[in-house]
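Structure at a glance
Take a look at the letters that make up each chain.
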Amino acid sequence: MLAQVLTIQGKLQLTHGKASEAFETWQAAIAAYRKAGDITGILGSQINQARALQADGLYKRAANLLTQVEQSLQNQPDSRLKVTELRNLGKLLRLVGNLAQSRTVLQQSLAIAQKLQDDTPQSASEQSGILLSLGNTIRAQGNTDTALDFYQKAMVIAPSLTAKTQIQLAHLSLLIDSDRPAEAQRLFTQIQSQLAQLPPSRLAAYTRINLARSLIKLATDDKTDETNKHFRLSTSNPSTSSTPKFVAQWLQTSAQELAIAIQQIRSSGDSRAESYALGALGSLYETTHQWNDAKTLTQQALSLAQSIDAPDIAYQWQLATRSNC
């Protein structure tokens, strides 16, 4: 019972951006599971610890920990826990640059997930998430068309609107990076229509932030006429801009989605997510040459990151603050 309580407590801490505290809580859970002789509980807690390390930007430590878990699972039968462990390992291997190994591990995870599949949302979620991770790894390998194919497969079986929208954001980002603006615009329109249907949550807030970042990149592409970028943003009135329709729409939507995300995040008390959102909004205002607003927001983001000891995001805002000086 104690171990289960600690497991839940750690998940709540991670949800509120307290990754270091969550790691220590799951360490206590491991001790409780070990005392009870629960191997599955130990491995699950170690996977959770790797998630906390990932949230803190400690990717190599997370990958090392998951490698230890993988070795412990070699003699274990195929299970959903093994699917989860392999997927997390594959994701982290990509983040530390081991792309070939990442792809191999993710393909193994997918094969087991398909072997164990049933008609439950959990099964669909597992496979959809693995396909998304495979698309991300293949994208990093430079194979755009294959990555887009994996994203499409992941969207088809996504069990919820939130999951589908997350995958569409990855798809949109790749379309932008591969210079396919017409396709990106069509997908953006579809995503925008879905956002209002998403229930307020930490995941929904991050979805809005990631959409905003993609739109900023699309609107400020090097091929966009520089004169089209010089206008002021309002988070409430999109009609004030005299810029061309799509550029104004993309940037205005970015500002509005970030404002909504910040409001949702503040109600949940997630300082890490709030720092991420404020920094993104600061970057947007820098793009539109609203220097004072950009500086204020970036400094707020930096202060929040420092207050929760999040050096991985604090570093980004320190660089941005210097560029705004």
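Check the entry above for the structure.
Note that the structure is a prediction, hence the values are computed from the model and not measured.

Of regular secondary structure, the chain possesses 15 helices and 0 strands. Long-range contacts, defined here as pairs at least 24 residues apart, represent 56% of the contacts in the chain between residues at least 6 apart. Entry remark: accessible area of the chain is about 15400 Å², with carbon and sulfur atoms responsible for 50%.

Another point: the packing of aromatic side chains. The relative placement of two aromatic rings is captured by the distance of their centres and the angle of their planes. Taken as a whole, this structure holds 1 aromatic pair when the rule is applied. Centre to centre, the rings of Y206 and Y276 are 5.7 Å apart; their planes meet at 40°, and the pair counts as tilted. On the criterion of sequence distance, the pair formed by Y206 in helix α11 (residues 202-219) and Y276 in helix α13 (residues 271-287) is long-range, its members being 70 residues apart. Across the pair, Y276 and Y206 agree in class, each one buried. The cationic tip of R61 hangs over the ring face of F23; the distance from NZ or CZ to the ring centre is 5.7 Å. Here K153 stacks its cationic end above the ring of F150, 5.3 Å away from the centre of that ring.

The periodicity of an α-helix, 3.6 residues per turn, causes residues three or four positions apart to be oriented the same way. Look at helix α1 (residues 2-15): 20 Å from first C-alpha to last across 14 residues, which is about the 20 Å you get at 1.5 Å a residue. By the burial criterion, the buried members of α1 are A3, L6, T7, G10, Q13 and L14. Down the axis of α1, the buried set is contained in an arc of 125°. They therefore lie on one face. As for α1, its buried residues are in contact with α2 (19-36), α3 (39-55) and α11. Within two residues after α1, G17 carries a phi angle of roughly 80°, on the positive side.

It is the contact of helix α10 (residues 181-195) with α11, at a shortest axis distance of 12 Å, that shows an interaxial angle of 155°. When the axes of α10 and α11 are compared, the pair comes out roughly antiparallel. Here the hand of the crossing between α10 and α11 comes out left-handed. Side by side, α10 and α11 meet where A184, F188, I191 and L195 of the first sit next to T207, R208, L211, L215 and L218 of the second. Tallied by class, the residues present in the contact of α10 with α11 amount to 7 nonpolar, 1 polar and 1 charged.

Conventions and cut-offs
- Residues numbered from 1 in each chain as written.
- Predicted model: local features only at pLDDT ≥ 70, side-chain atom pairs only at ≥ 80, totals over all residues.
- Heavy atoms only, no water.
- Helix = DSSP H or I, 4+ residues; strand = E, 2+ residues; numbered from the N terminus.
- Contact = heavy atoms within 4.5 Å.
- Areas by Shrake-Rupley, 256 points an atom, 1.4 Å probe, with all protein chains shown as cover.
- Phe/Tyr/Trp six-rings, centres within 6.5 Å; stacked < 30°, edge-to-face > 60°.
- Buried < 20%, exposed > 50% of the residue type's maximum accessible area, 1.4 Å probe, protein only.
- Lys NZ or Arg CZ within 6 Å of the ring centre and 35° of its normal.
- Expected span 1.5 Å × (residues − 1).
- Arc of directions from axis to C-beta.
- Axes fitted to C-alpha atoms, helices over the stretch in contact; angles between N-to-C directions.
- Parallel < 35°, antiparallel > 145°, perpendicular 65-115°, else oblique.
- Left-handed = near helix turned anticlockwise from the far one by under 90°.
- Nonpolar A, V, L, I, M, F, W, Y, C, P; charged D, E, K, R; others polar.

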